[in-house]
Amino acid sequence: MDHNGVNTLILGEIASAIIKEKAKFVTFSGDLVLGSKNDAEVESQLKTWLGVMQPVYNAGIKVFAVRGNHESYSQHPTEPWLKVMAGKYAMPNNGPKGEKDLTFSVVYKNALIVGFDQFQTDKARVNQPWLDSVLKKNPKQHLFVMAHEMAFRAGEHTDNMDNDAPARDKFWHSLANAGGRTYFSGHDHLYDHTAFSAPGWPANKSIHQYVLGTAGAPFYHKNDHDGANGDWLQTPIKHIEDEFGYAVVDVDGPKVTITFKTRKSPGVYTAADTWSYIVPIRAAAKKKTS
């Protein structure tokens, strides 16, 4: 099953599922490979990952990925990534200084997708000034943001964005002010869906954190939301362990439906959690498109 730092069996099944789902694009929130302290080994592992995912690329489905901590262990951690994830495999080259081809944004129809690399500093942060500028320039109806580490603790890992709670809080408020309703991460090798809102927020403003560490890594077993939550109100929705799977995000005009599917038998994935919401067209977006 595992070959050169990649769970080729599960990743291969998910690649096939992506094609069957007729996805327009795919996002991966890090930990594509096991990683190594050796640059050459990480490079080799990433090439194996691309080989398994090649049918997705061949189908014309764009893949947007960010690094996880497992891609960041080697002597020169950005070099294997930039060397392998290049050319047609490269990420959009529009990130902030020092994070080109690592952090990025991309517009697809009425949606803005943002991917953050969190491994340029000693804490899991995002480049907030850059994000603010991107949100101001791209007032799309839908906003989808991903990074590797959680904004709020959800399971085993304690190294996440609540290690710098004030910066995390600014990030969360910026998503809410831009009409964002979701944040996608990995890190914990399990599935967790929890909503977080500030006191006084209406129900249709809460932001749902999805932890999707389910694409082949060894399973973790812990359901711990007792991090630096401050005054944030949390609503646990679904926590699943010992299941491989993937999430499908279906956008139909103002409506978004997110369905997490788990592996029930080889190559068979069925719905285990579904949530829908509706986002009105933002005033800034109306003005820009009128």
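Our subject is the structure that appears above.
Each value, and the rule that gives it
Residues numbered from 1 in each chain as written. Predicted model: local features only at pLDDT ≥ 70, side-chain atom pairs only at ≥ 80, totals over all residues. Heavy atoms only, no water. Helix = DSSP H or I, 4+ residues; strand = E, 2+ residues; numbered from the N terminus. Buried < 20%, exposed > 50% of the residue type's maximum accessible area, 1.4 Å probe, protein only. Contact = heavy atoms within 4.5 Å. Areas by Shrake-Rupley, 256 points an atom, 1.4 Å probe, with all protein chains shown as cover. Lys, Arg positive; Asp, Glu negative; His and termini not counted. Charge placed at Lys NZ, Arg CZ, Asp CG, Glu CD. Axes fitted to C-alpha atoms, helices over the stretch in contact; angles between N-to-C directions. Parallel < 35°, antiparallel > 145°, perpendicular 65-115°, else oblique. Left-handed = near helix turned anticlockwise from the far one by under 90°. Nonpolar A, V, L, I, M, F, W, Y, C, P; charged D, E, K, R; others polar. Salt bridge = Lys/Arg side-chain N within 4 Å of Asp/Glu carboxyl O. Pairing = 2+ DSSP bridges. Core = buried A, V, L, I, M, F, W, Y, C linked by side-chain atoms within 4.5 Å. Polar contact = N/O pair within 3.5 Å; in protein donor to acceptor, adjacent residues only side chain to side chain.

Caption draft 1: Seen up close, the overall build of the protein. Counting secondary structure elements, the protein contains 6 helices and 14 strands. A principal-axis box enclosing the C-alpha atoms of the protein has dimensions of 50 × 40 × 35 Å. Expressed as a percentage of its 290 residues, the buried residues of the protein come to 54%. The contacts in the protein between residues at least 6 apart in sequence include a share of 69% that link residues at least 24 apart. Per element, the accessible surface of the protein, about 12,800 Å² overall, is 53% carbon and sulfur. Across the protein, the 32 positively charged side chains and the 31 negatively charged ones have centroids separated by 11 Å.

Caption draft 2: Inspection of the packing of helix H1 (residues 8-20) against helix H2 (residues 39-58) at higher detail. Interhelical geometry of H1 versus H2 gives an angle of 25 degrees and a closest axis separation of 8 Å. Relative to H2, the element H1 is oriented roughly parallel. In this structure, H1 crosses over H2, and the sense of that crossing is right-handed. Here H1 contributes Thr8, Leu11, Gly12, Ala15, Ile18 and Ile19 to the contact with H2, which in turn contributes Thr48, Trp49, Val52, Met53, Pro55 and Val56. The class makeup of the residues in the contact of H1 with H2 is 9 nonpolar, 3 polar and no charged.

Caption draft 3: Quick peek at the pattern of salt bridges. One pass over the full model with this rule turns up 9 salt bridges. Across the pair Asp169 and Arg168 runs a salt bridge whose closest N-O atoms are separated by 2.7 Å. Judged by its relative accessible area of 23%, Asp169 is partly exposed. Looking at Arg168, the relative accessible area reads 1%, which means it is buried. Its salt-bridge partner being Lys264, residue Glu243 comes within 3.8 Å of it at the nearest N-O pair. Pair noted here: Glu243 is in the loop between strand E11 (233-240) and strand E12 (245-252) and Lys264 is in strand E13 (residues 255-265), with a separation of 21 residues, a long-range link.

Caption draft 4: View of the pairing of strand E6 (residues 111-115). For E6, the tally of buried residues reaches 5 of 5 residues, placing the bulk of the element in the interior. Both faces of E6 are covered, namely the face carrying Ala111, Ile113 and Gly115 and the face carrying Leu112 and Val114. If you look at the hairpin formed by strand E5 (residues 104-108) and E6, you'll find 2 residues sitting between the two strands, and Lys109 has a positive phi there, around 55 degrees. Sheet analysis places E6 next to strand E7 (residues 142-146), joined by 5 bridges and oriented parallel. For Gly115, the partnering residue across the bridge sits in E7 and is Met146.

Caption draft 5: Local environment of the nonpolar core. Counting residues in hydrophobic clusters, the biggest one holds 50 residues, and the most contacted among them are Phe28, Trp49, Met53, Val56, Tyr57, Val63 and Met85. Element by element, the count of residues in this core is highest for H2, at 8 residues. Val134, Ala151, Trp172 and Trp232 belong to the second largest nonpolar core, which has 26 residues in total.

Caption draft 6: Main features of the side chain of Arg153. Note on placement: Arg153 falls in the loop between E7 and helix H5 (165-177). Within the structure, the side chain of Arg153 is placed 3.2 Å from the backbone oxygen of Asp226, a separation counted as a polar contact. Sequence-distant contacts of Arg153, defined by excluding residues within four places in its chain, comprise Thr158, Asn160, Asp162, Asp224, His225, Asp226 and Gly227.

Caption draft 7: Broad picture of the sheet that holds strand E14 (residues 268-278). Strand order in the open sheet made by the 3 strands is E12-E13-E14, with antiparallel pairing throughout. The open sheet has two free edges, formed respectively by E12 and E14, since each of these has just one partner strand. Averaged over all pairs of adjacent strands, the angle between strand axes in this sheet comes to 20 degrees, irrespective of strand direction. Looking at chain direction, E12 and E13 are connected through 8 bridges and run antiparallel. Of the residues in E13, the one forming a bridge with Gly245 is Thr262.

Caption draft 8: Structural detail: the sheet that holds E11. With respect to topology, 7 strands assemble into an open sheet ordered E5-E6-E7-E8-E10-E9-E11, the strand pairing being mixed. Each having just a single partner strand, E5 and E11 make up the two edges of the open sheet. If you compare each strand with its neighbour and ignore which way they point, the axes differ by 15 degrees on average. Sheet topology places E7 next to strand E8 (residues 182-185); 2 bridges connect them, and they run parallel. Residue pairing across strands places Met146 opposite Phe184, the latter belonging to E8. Where helix H4 (residues 128-137) meets the sheet, its contacts fall on E5, E6 and E7, and the angle it forms with E6 comes to roughly 165 degrees.

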